[in-house]
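A closer look at the structure
Below, each chain spelled out in residue letters.
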Amino acid sequence: MASLTTIGNELYTGERSIPIVQKRKLWFLVAAIVLIVLALGTAVRGGFVFGIEFTGGSEFRVSGVSEPSTAVAAEAVEQIVPDSDTRAALIGQDAVRVQTDAVTEEQAAEIRGALAEQYGVESGDVAFSFIGPSWGQDVSRQALIALVVFLALVSLVLAVYFRTWKMSLAALGSLAFDLLSTAGIYGVVGFEVTPAAVIGFLTILGYSLYDTVVVFDKVRENTAPGTSGTMLGNINLAVNQTLVRSINTSIVATLPIASILFIGAFLLGAGTLRDIALALFIGTIVGTWSSIFVAAPIYAQLRQHDSIGEAKVKAKHEQGAVV
């Protein structure tokens, strides 16, 4: 069996070829099916699970717990507010976070006492805070503004750098797939959407864009004036030449993120660290896929009727239009 290095060399020289571009309609179909399934799955589950920062509510933190258990917290809250939507999570080795719907000061005092009694701690070890939904709404609004500005700048920079708007359009298509699929996985699985997760969503765009630029830079080199072959053939060669590098980069990036996710979720119980790492972990894998099977096929579809010579002429006109 050939080693990964041998396969990479054969892909780079063209001795071995994976028809990614030639089967672009298949990848378009796969992408569409994935998005449809994720959308339907999210709808069936009743939509996204938003954190307390977006919905508003009350939060209790019990520290110094000898035997942490989320079931105990739910029982304690139900005794005071039976109809409350209670969510409990372990924080580290000796703390529990309990989130409920908004409660009154009297109910909060009773819940603090019930939690202290159930966990065998002093009432002073149970901290209470009320979180309004306006903060999460402000974060969402700022994130949306940042997303629009980011996409606008990306379109402009790629159009100037690659001298063609078609690569910008293909890159935006890939980024859209990354965001929609990552959000869809959150909706289907039921992961909680928090401001930290939103920050993670925006962060993965940078990694996905980097991977796409690496592929497109090789595409530009292979389709430069004076090169031989067909437009689609040279685009496919570029994808094959960067395939192993994209996979290796993804593995290198995913391993430390997985470590952070494991530490944040199971050892430290740090909610913010876990939420960011989870979004990055999912987005990194999705971004690697999209740069190969979404961005390059979209660009090939836009260039399918061009030859190398025609591409040269069009690039000059597009360069003049961009500049």
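The following paragraphs examine the structure supplied in this document. (Residues numbered from 1 in each chain as written. Predicted model: local features only at pLDDT ≥ 70, side-chain atom pairs only at ≥ 80, totals over all residues. Heavy atoms only, no water.)

**Focus on the overall build of the protein chain**
So the rule is basically this: Secondary structure elements follow DSSP: runs of H or I no shorter than four residues count as helices, runs of E no shorter than two count as strands, and numbering proceeds from the N terminus. A simple rule labels every residue: compare its accessible area, found with a 1.4 Å probe on the protein chains alone, to the largest value its type can have, and call it buried under 20%, exposed over 50%, or partly exposed in between. Residues count as neighbours in contact if any of their non-hydrogen atoms are within 4.5 Å of one another. The method behind every accessible area is Shrake-Rupley, applied with a 1.4 Å probe, and residues are considered shielded solely by the protein chains displayed.
When helices and strands are counted, the protein chain shows 11 helices and 6 strands. Within the protein chain, the fraction of its 323 residues that count as buried is 43%. Pairs at least 24 apart in sequence give 77% of the contacts found in the protein chain among residues at least 6 apart. Taken as a whole, the protein chain presents about 16100 Å² of accessible surface, with 65% of it coming from carbon and sulfur.

**Some words on the pattern of salt bridges**
We apply this condition: Only one rule defines a salt bridge in this text: a Lys or Arg side-chain nitrogen within 4 Å of an Asp or Glu carboxyl oxygen.
In the structure shown here, the tally under the stated rule is 4 salt bridges. Between Arg-61 and Glu-59 there is a salt bridge, with its nearest N and O atoms 3.1 Å apart. You can call Arg-61 partly exposed: its relative accessible area is 39%. A relative accessible area of 10% places Glu-59 in the buried class. Notably, a salt bridge pairs Glu-192 with Arg-87, separated by 2.9 Å at the nearest N-O pair. Highlighted residues: Glu-192 in strand β6 (residues 192–193) and Arg-87 in strand β3 (residues 87–91), separated in sequence by 105 residues. With a relative accessible area of 26%, Arg-87 lands in the partly exposed category.

**Overview of helix α7 (residues 165–189)**
Three- or four-residue spacings in an α-helix give side chains the same orientation, since the helix completes a turn every 3.6 residues. Our working definition: Expected helix span is given by 1.5 Å per residue-to-residue step, counting one fewer step than there are residues. As used in this structure description, the phrase polar contact means that two N or O atoms lie within 3.5 Å; if the pair is within protein, one of them must be able to donate a hydrogen and the other to accept it, and residues adjacent in sequence are counted only when both atoms belong to side chains.
When the terminal C-alpha atoms of α7 are compared, their 36 Å separation across 25 residues agrees well with the 36 Å that a helix rising 1.5 Å per residue should span. Among the residues of α7, the N-terminal cap falls to Thr-164, whose side-chain oxygen and the backbone nitrogen of Lys-166 are separated by 3.2 Å. Gly-190, located one to two residues past α7, shows a positive phi value of around 95°.

**Here's the deal with the sheet that holds strand β5 (residues 126–131)**
Put simply, the rule is: One bridge is not enough; two strands pair if DSSP finds at least two bridges between them. For helices, the fitted line uses only the C-alpha atoms of the stretch in contact; every axis is such a line through C-alpha atoms, and the angle between N-to-C directions lies from 0 to 180 degrees.
With antiparallel pairing, the 4 strands of this open sheet are ordered in space as β3-β4-β2-β5. This sheet does not close on itself; its edge strands, each paired only once, are β3 and β5. For this sheet, the mean inter-axis angle between neighbouring strands, taken without regard to orientation, is 20°. Sheet analysis places β3 next to strand β4 (residues 95–100), joined by 5 bridges and oriented antiparallel. Residue pairing in the sheet places Ile-91 in a bridge with Ala-95 of β4.

**Section: the environment of Asp-275**
Of note, Asp-275 is situated in helix α10 (residues 271–302). With a relative accessible area of 9%, Asp-275 lands in the buried category. As for Asp-275 and Thr-194, which are separated by 81 residues in sequence, their C-alpha atoms are 7.2 Å apart. Aside from chain neighbours lying at most four places away, what touches Asp-275 is Tyr-186, Thr-194, Ala-196 and Ala-197.

**Considerations on the packing of aromatic side chains**
Keep this limit in mind: Aromatic pairing here means that ring centres of Phe, Tyr or Trp (its six-membered ring) are within 6.5 Å. Orientation follows from the plane angle: under 30 degrees is stacked, over 60 is edge-to-face, and everything else is tilted. By definition here, charges over rings are those cases where NZ of Lys or CZ of Arg is within 6 Å of the ring centre and within 35 degrees of the ring normal.
What the rule picks out here adds up to 11 aromatic pairs. Taking 5.8 Å as the distance between ring centres and 65° as the angle between the ring planes, the aromatic pair formed by Phe-50 and Phe-54 counts as edge-to-face. Classification of Phe-54 by relative accessible area gives buried; the value is 15%. A ring pair is formed by Phe-162 and Phe-216, whose centres lie 6.1 Å apart and whose planes are at 85°; its orientation type is edge-to-face. Of this pair, Phe-162 sits in helix α6 (residues 133–162) while Phe-216 sits in helix α8 (residues 195–222), and the two are 54 residues apart along the sequence. With a relative accessible area of 5%, Phe-162 lands in the buried category. One aromatic cluster is present, formed by Tyr-161, Phe-162, Phe-216 and Tyr-299 through successive ring pairs. Directly above the ring of Tyr-161 sits Arg-220, whose terminal nitrogen or CZ lies 4.5 Å from the centroid.

**A look at the nonpolar core**
The test is simple: Think of a nonpolar core as a cluster: buried Ala, Val, Leu, Ile, Met, Phe, Trp, Tyr and Cys residues, connected wherever their side-chain atoms sit within 4.5 Å.
Within the largest apolar cluster, 29 residues are counted, with the highest numbers of intra-cluster contacts made by Phe-216, Val-219, Ile-235, Val-239 and Tyr-299. For this core, the secondary-structure elements that each account for two or more residues are α6, α7, α8, α9 (231–267) and α10. Discounting residues that sit within four places of it in the chain, Phe-216 has contacts with Phe-162, Met-167, Ala-170, Ala-171, Ala-295, Ala-296 and Tyr-299.

Just geometry here; none of it tells us what the structure is for.
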